[in-house]
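Each chain, letter by letter, is given below.
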Amino acid sequence: MSSSKLYQSACKAARSLLSATAAASPRSSSVLAEGRNAALATLTNFGRKTVPTAYTYHKSRAGAAAGWLPTIAAIPVAVCMLQEQEARAAELERTFIAIKPDGVQRGLVSEILSRFERKGFKLVAIKLVVPSKEFAQKHYHDLKDRPFFNGLCDFLSSGPVLAMVWEGEGVIKYGRKLIGATDPQKSEPGTIRGDLAVVVGRNIIHGSDGPETAKAEIALWFEPRDLVSYTSNEEKWIYGVN
């Protein structure tokens, strides 16, 4: 079941539970059962094999309604968990990062990848490719009127390029900060270019400069099937969603 359907089911159950009476009538029992099922489904969606002990159904001697009451509390909790997950997913973005031929030839791949990983960003696509000059021209199409356009395309197509897509909250903007200024001489120490490059013609890495550029560059370099969606085990420690 999709997250939106789970959310709708949980909300429906929550509204029903709030309007249900404490009496153990057949109607209230049915409503409470619906609430229990929605809670189970929602919590399972978060990788929970079972409902927490505090929310477990206990059939007491006092009657069916009393037995279902602990489950009522699970509905708002589950809904809130789902809302937090959906809100965070909406905030996550993807950017295109490429280690240019000079970065690959200098053996800086692991160094550069580790900086993005240590920050907390997630790698969702990667491939090593030698682009043709025609492909390089498509990549740098916005610079086609610049005098250095031809040389730029020659260089990008001169050797292997490590193309990547990284995902994370604010990854486009902060990815550019990790990379540093276009001219390594103007890049701050601690940035990739500031630490590892010397001249602008060999600045080792490229990164999308905005959401629209990132979308276009990802589509140019990767097919949709190449992009992997998954939940990292580290995300709960990075974003604080447990």
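Report follows, based on the coordinates. Since we're looking at a predicted model, the values are computed, not measured.

### Here's the deal with the pattern of salt bridges
Under the criterion given, the structure shown has 6 salt bridges. For the salt bridge of Asp195 with Arg115, the shortest nitrogen-to-oxygen distance reads 3.1 Å. A residue pair is termed long-range when its members are at least 10 positions apart, and Asp195 in helix 10 (residues 192-196) and Arg115 in helix 6 (residues 109-119) qualify at 80 residues. Look at the salt bridges and you will find they share partners, linking Arg94, Lys122, Glu167 and Glu235 into a network.

### With respect to the nonpolar core
If you look at the biggest cluster of nonpolar residues, it comprises 20 residues, and the most contacted ones within it are Ile112, Phe116, Trp166 and Ile205. The set of elements that each furnish at least two residues to this core consists of strand 1 (92-99), helix 6, strand 3 (161-169), helix 9 (171-179) and helix 10. The element contributing the most residues to this core is helix 9, with 4 residues. Contacts of Ile112, omitting those with residues within four sequence positions, involve Ile99, Ile192, Leu196, Ile204 and Ile205.

### Description of the sheet that holds strand 4 (residues 205-207)
Ordered by their spatial adjacency, 4 strands build an open sheet running 2-3-1-4, and the pairing between neighbours is antiparallel. Edge positions in the open sheet fall to strand 2 (122-129) and strand 4, since each of these has one partner strand only. The sheet shows a mean angle of 20° between the axes of neighbouring strands, direction not considered. Together, strand 1, strand 3 and strand 4 form the strand contacts of helix 9, whose direction differs from that of strand 1 by roughly 30°.

### Side note on the pairing of strand 3
Counting buried residues in strand 3 gives 8 out of 9 residues, a clear majority hidden from the surface. Where strand 1 lies against strand 3, 8 bridges are found, and the strand directions are antiparallel. Within strand 3, the residue paired with Glu93 across the bridge is Gly168. Examined bridge by bridge, strand 2 and strand 3 share 7 bridges and lie antiparallel to one another.

### Considerations on the packing of helix 6 against helix 9
Where helix 6 contacts helix 9, the axes come no closer than 11 Å and their chain directions differ by 135°. Accordingly, the angle class assigned to the pair helix 6 and helix 9 is oblique. Relative to helix 9, helix 6 is oriented so that their crossing is right-handed. Residue-level contacts link Arg115, Phe116 and Lys119 of helix 6 to Tyr174, Gly175, Leu178 and Ile179 of helix 9. Residue classes in the contact of helix 6 with helix 9 are distributed as 4 nonpolar, 1 polar and 2 charged.

Calculation criteria
Residues numbered from 1 in each chain as written. Predicted model: local features only at pLDDT ≥ 70, side-chain atom pairs only at ≥ 80, totals over all residues. Heavy atoms only, no water. Salt bridge = Lys/Arg side-chain N within 4 Å of Asp/Glu carboxyl O. Helix = DSSP H or I, 4+ residues; strand = E, 2+ residues; numbered from the N terminus. Core = buried A, V, L, I, M, F, W, Y, C linked by side-chain atoms within 4.5 Å. Buried < 20%, exposed > 50% of the residue type's maximum accessible area, 1.4 Å probe, protein only. Contact = heavy atoms within 4.5 Å. Pairing = 2+ DSSP bridges. Axes fitted to C-alpha atoms, helices over the stretch in contact; angles between N-to-C directions. Parallel < 35°, antiparallel > 145°, perpendicular 65-115°, else oblique. Left-handed = near helix turned anticlockwise from the far one by under 90°. Nonpolar A, V, L, I, M, F, W, Y, C, P; charged D, E, K, R; others polar.

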